[in-house]
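Inside the fold
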Amino acid sequence: MKPFRVRLNFHGDLNFFLGSRTSSASIERHLAEKASVKDVIESCGVPHPEVDLILVDGRPVKFGYALERGADIEVYPVQSACTYVEKDRLQSTGAKRFVADGHLGKLTRNLRLLGFDVAYDRQAQDRQLLGVMESENRALLTRDRRLLMHAVVKAGYCPRSQDANEQTIEVIRRFDLFRSITPFTRCLRCNAPLQKVRKADVINKLEPLTKIYYDQFRRCPKCGQVYWSGSHFEKLQARIQMIRSRTASEVVG
């Protein structure tokens, strides 16, 4: 086989993964043998879960499409502006259960605060994360692009920002989660759904002033943590409202 050249044009925010190696979102690759379009895209640093549409010479293709000759390749992210191709999308926005790597503890807490099921172990190794993702059918959240490139990853996302609130907004947008927000329903520590309990059932765990001023409580059935609308409640509500207001304008209907 004669060597051939392919040109890849990355759209939307996919240039986030190209880094400082290139000043544009266009990259050329010289190939000496047949290669899948997925492998060529990932050789540029872009993980496949971030790619929602691939056009090879204007035709939609799947990740396994074999490149055997020169071609122009357009690569689009999820929710891209390429609306004239509605079919042949490669990603789903329907994930509601996640596993987050050890560097995303604050994002995990935010998502749990909003009611989302997020598995998290600060000490988990890559193999463990991928195992939980696969066995429990979760989407992977990580800023490690190499981890996202594993073939077993069907759904995942790399937060662009390093700020936890911005990361939360990104995840809600990416997976279309706005309508699924149910604040204060999940344990921030261990992820279990909270249960309403009578004050009398938790009275022995409460501080003296809490016993006087609060009457409504929830408890985690897994770790036993008790929650109530204490002094921190307004600050948490303000955070939730900010996140909702930043994402509400994108919800249609």
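Attention in this report is confined to the structure presented alongside it. Treat the numbers as computed from the prediction; the structure is a model and nothing was measured.

What the protein chain contains, in helices and strands, is eight helices and 14 strands. Taking all contacts inside the protein chain whose residues are at least 6 apart in sequence as the whole, residues at least 24 apart take part in 61%. Within the structure as shown, the protein chain displays about 14000 Å² of accessible surface, and the carbon and sulfur contribution to it stands at 47%. Distance from the positive charge centre (42 side chains) to the negative charge centre (29 side chains) of the protein chain: 5 Å.

Spatial strand order, E12-E13-E14: three strands in an open sheet with antiparallel pairing. Strands with a single pairing partner mark the edges of an open sheet, and in this sheet they are strand E12 (195–197) and strand E14 (226–227). Relative to E14, strand E13 (residues 217–219) runs antiparallel, the two being bridged by two bridges. When the bridges of E14 are listed, Arg219 appears paired with Val226.

For the rest of this paragraph, the subject is helix H8 (residues 233–248). An α-helix turns once every 3.6 residues. As a result, residues three or four positions apart point the same way. The end-to-end C-alpha separation of H8 is 22 Å, in line with the 22 Å expected for 16 residues at 1.5 Å each. Those residues of H8 not exposed but buried are Phe233, Leu236, Ile240, Ile243 and Thr247. The buried residues of H8 occupy an angular sector of 100° when projected down its axis, which confines them to one face. Away from the buried face of H8 by more than 90 degrees, exposed residues Glu234 and Lys235 are located. Close packing links the buried residues of H8 with helix H2 (105–113) and helix H5 (164–174).

One way to put it is that H2 packs onto H5 with a least axis distance of 9 Å and a crossing angle of 55°. Taken together, the axes of H2 and H5 lie oblique to each other. Between H2 and H5 lies a crossing of right-handed hand. Mapping the contact onto sequence places Lys106, Leu107, Asn110 and Leu111 in H2 and Ala164, Asn165, Gln167, Thr168 and Val171 in H5. In the contact of H2 with H5, the residues fall into four nonpolar, four polar and one charged.

This part takes up the sheet that holds strand E10 (residues 139–141). Taken in spatial order, the four strands of this open sheet run E9-E8-E10-E11, and their pairing is parallel. In the strand order of this sheet, the two ends are held by strand E9 (117–120) and strand E11 (156–157), each with one partner. Where E10 meets E11, two bridges bridge the pair, whose relative direction is parallel. Considered in E11, the bridge of Leu141 is made with Tyr157. Together, strand E8 (97–100), E9 and E10 form the strand contacts of H2, whose direction differs from that of E9 by roughly 150°.

Once that is clear, we can look at the layout of surface pockets. Of the voids in this model, the largest pocket is the one considered here, and its volume is about 530 Å³. Contributing to the lining of the largest pocket are 22 residues, with Phe184, Tyr227, Trp228, Ser229 and His232 lying nearest its centre. For the lining of the largest pocket, the elements supplying multiple residues, two or more each, are H2, E12, E13, E14 and H8. Grouping the constituent residues of the lining of the largest pocket by class yields twelve nonpolar, four polar and six charged. There is about 310 Å³ of room inside the second largest pocket. Around the second largest pocket sit 16 residues that line it, and Asn137, Arg138, Ala139, Lys154 and Ala155 are the ones nearest its centre.

Counted under the stated rule, the structure contains four aromatic pairs. Relative to Phe17, the ring of Phe16 has its centre 5.1 Å away and its plane inclined at 85°; by these criteria the two rings are edge-to-face. Their ring planes at 35° and their centres at 4.8 Å tell us that Phe184 and Phe233 sit as a pair that is tilted. Of this pair, Phe184 sits in the loop between H5 and E12 while Phe233 sits in helix H8; the two residues are 49 residues apart in sequence, bridging distant segments of the chain. What makes Phe184 partly exposed here is its relative accessible area of 24%. A cation over an aromatic ring shows up here: Arg174 above the ring of Phe175, its NZ or CZ 4.3 Å from the ring centre.

To continue, consider the pairing of strand E7 (residues 71–77). Along any regular strand the residues' side chains alternate between the sheet's two faces. In terms of burial, E7 is largely enclosed, as five of its seven residues are buried. Relative to E7, strand E1 (residues 4–10) runs parallel, the two being bridged by five bridges. Each residue of the ladder has a partner; that of Asn9, found in E7, is Glu74. Relative to E7, strand E4 (residues 51–56) runs antiparallel, the two sharing five bridges. If you follow Leu53 over to E7, its bridge partner there is Tyr76.

Calculation rules
- Residues numbered from 1 in each chain as written.
- Predicted model: local features only at pLDDT ≥ 70, side-chain atom pairs only at ≥ 80, totals over all residues.
- Heavy atoms only, no water.
- Helix = DSSP H or I, 4+ residues; strand = E, 2+ residues; numbered from the N terminus.
- Contact = heavy atoms within 4.5 Å.
- Areas by Shrake-Rupley, 256 points an atom, 1.4 Å probe, with all protein chains shown as cover.
- Lys, Arg positive; Asp, Glu negative; His and termini not counted.
- Charge placed at Lys NZ, Arg CZ, Asp CG, Glu CD.
- Pairing = 2+ DSSP bridges.
- Expected span 1.5 Å × (residues − 1).
- Buried < 20%, exposed > 50% of the residue type's maximum accessible area, 1.4 Å probe, protein only.
- Arc of directions from axis to C-beta.
- Axes fitted to C-alpha atoms, helices over the stretch in contact; angles between N-to-C directions.
- Parallel < 35°, antiparallel > 145°, perpendicular 65-115°, else oblique.
- Left-handed = near helix turned anticlockwise from the far one by under 90°.
- Nonpolar A, V, L, I, M, F, W, Y, C, P; charged D, E, K, R; others polar.
- 1 Å grid on protein atoms, 1.4 Å probe; cavity = no way out; pocket = protein on both sides within 12 Å on 5 of 7 lines; lining within 4 Å.
- Points joined across faces, edges and corners; volume = space filled by probe spheres on them.
- Phe/Tyr/Trp six-rings, centres within 6.5 Å; stacked < 30°, edge-to-face > 60°.
- Lys NZ or Arg CZ within 6 Å of the ring centre and 35° of its normal.

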